[in-house]
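Architecture at a glance
Single-letter residue listing:
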Amino acid sequence: MDTKLHILKQTVTNLLAAPKSMATGHYSGVNYHATTAISDFERKITDHYADFIPGDLASVCRQAGMTFDFPSFGLIVEFEKPVEITLYDDEHVLDENAKEAITRFGTLIFRNAYLAGKFRNQGQRNIFPDLHFHLDRGSNQDNQYSLFCRDPFDAVQKHPRQSSTLITANIIAYLQSLKEGRPPKQGQQSLYEDLFKNEDLSTHIGSTILEQAWTAPEGTGEICLIDNRLVLHASYYRTGQGYPIGVRYLF
Ligand SMILES: [Fe+2]
């Protein structure tokens, strides 16, 4: 795949070295600035769940049969002007540079970007129940990446959306599940129903949960990519259900 996204490599390197800084780059002649959504991620997790982490997070991960390797969570790339972006090929294979960014940060978000014309009407449109943290793909499926998008040229999706998408790391869902009194389950789970339902989510968003709000102004394209092996996601009916978001599953 002929990708122009190799610029992301340097952005990833810069933000791993200085997570609270802003990295800059350009794609297709348009400048962007990039930031991490949540820095000091491990400390924020251990602060929130101190009562459920007897040693360190690594020992809880071993006990849970999970891995955790996100120094920071979420990479947000915001373009100065609207830009058409090619993220995957005709076989639905995701760009390697995007994959690397997702591996390091769990989630990759582009703001003020939209998919090229031939990709815009692919896939499906979904809306899931409120706060059902889940995986989109089973472990037997090869296309483990989910791409969610808001098409700025679509009559419905050009508007900001009422419901947001919440994304969290597997180990956080495990710890939250323990906190809610559910029996611990080894390994990655495909669904945690009603997780965080009785929590004040404002204390989690920005520290243990990343929120992709879909509230950029009318006519703004937004794209969010995750790896279902590393994170769980849920709809959050922040101000209402809103419209279904575009979804693709990529290899
Ligand atoms: Fe989903």
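Residues numbered from 1 in each chain as written. Predicted model: local features only at pLDDT ≥ 70, side-chain atom pairs only at ≥ 80, totals over all residues. Heavy atoms only, no water.

1. Section: the sheet that holds strand 4 (residues 107-115)
Spatially, eight strands are ordered 1-2-3-4-11-7-13-5 in an open sheet, and the strand pairing comes out mixed. In this open sheet, the two strands that pair with only one neighbour each are strand 1 (23-27) and strand 5 (124-126). Strand after strand, the sheet turns through a mean of 30 degrees between neighbouring axes, direction not considered. In this structure, strand 4 lies alongside strand 11 (residues 222-227), joined through five bridges in antiparallel fashion. Among the inter-strand pairings, Phe110 is bridged to a residue of strand 11, identified as Ile223. (Pairing = 2+ DSSP bridges. Helix = DSSP H or I, 4+ residues; strand = E, 2+ residues; numbered from the N terminus. Axes fitted to C-alpha atoms, helices over the stretch in contact; angles between N-to-C directions.)

2. Some points on the packing of helix 1 (residues 7-17) against helix 4 (residues 96-105)
Put simply, helix 1 and helix 4 touch, their axes get as near as 9 Å, and they point 15 degrees apart. Taken together, the axes of helix 1 and helix 4 are roughly parallel relative to one another. As helix 1 packs across helix 4, the resulting crossing turns out to be left-handed. Contacts between helix 1 and helix 4 involve Leu8, Lys9, Val12, Leu15 and Leu16 on the former and, on the latter, Asn97, Ala98, Ala101, Arg104 and Phe105. Residues that form the contact of helix 1 with helix 4 fall into these classes: seven nonpolar, one polar and two charged. (Parallel < 35°, antiparallel > 145°, perpendicular 65-115°, else oblique. Left-handed = near helix turned anticlockwise from the far one by under 90°. Contact = heavy atoms within 4.5 Å. Nonpolar A, V, L, I, M, F, W, Y, C, P; charged D, E, K, R; others polar.)

3. Brief notes about the pattern of salt bridges
Per the counting criterion, the structure on display carries 16 salt bridges. Residue Asp47 is joined to Arg43 by a salt bridge in which the shortest nitrogen-to-oxygen separation is 3.1 Å. With a gap of four residues between them, Asp47 and Arg43 both fall in helix 2 (residues 41-48), about one helical turn apart. Among the residues examined, Asp47 registers a relative accessible area of 51% and is labelled exposed. The salt bridge involving Asp151 is made with Arg120; its shortest N-O contact spans 3.6 Å. Placement of the pair is Asp151 in the loop between strand 7 (145-150) and strand 8 (164-169) and Arg120 in helix 5 (residues 117-120), with a sequence separation of 31 residues. Looking at Asp151, the relative accessible area reads 9%, which means it is buried. (Salt bridge = Lys/Arg side-chain N within 4 Å of Asp/Glu carboxyl O. Buried < 20%, exposed > 50% of the residue type's maximum accessible area, 1.4 Å probe, protein only.)

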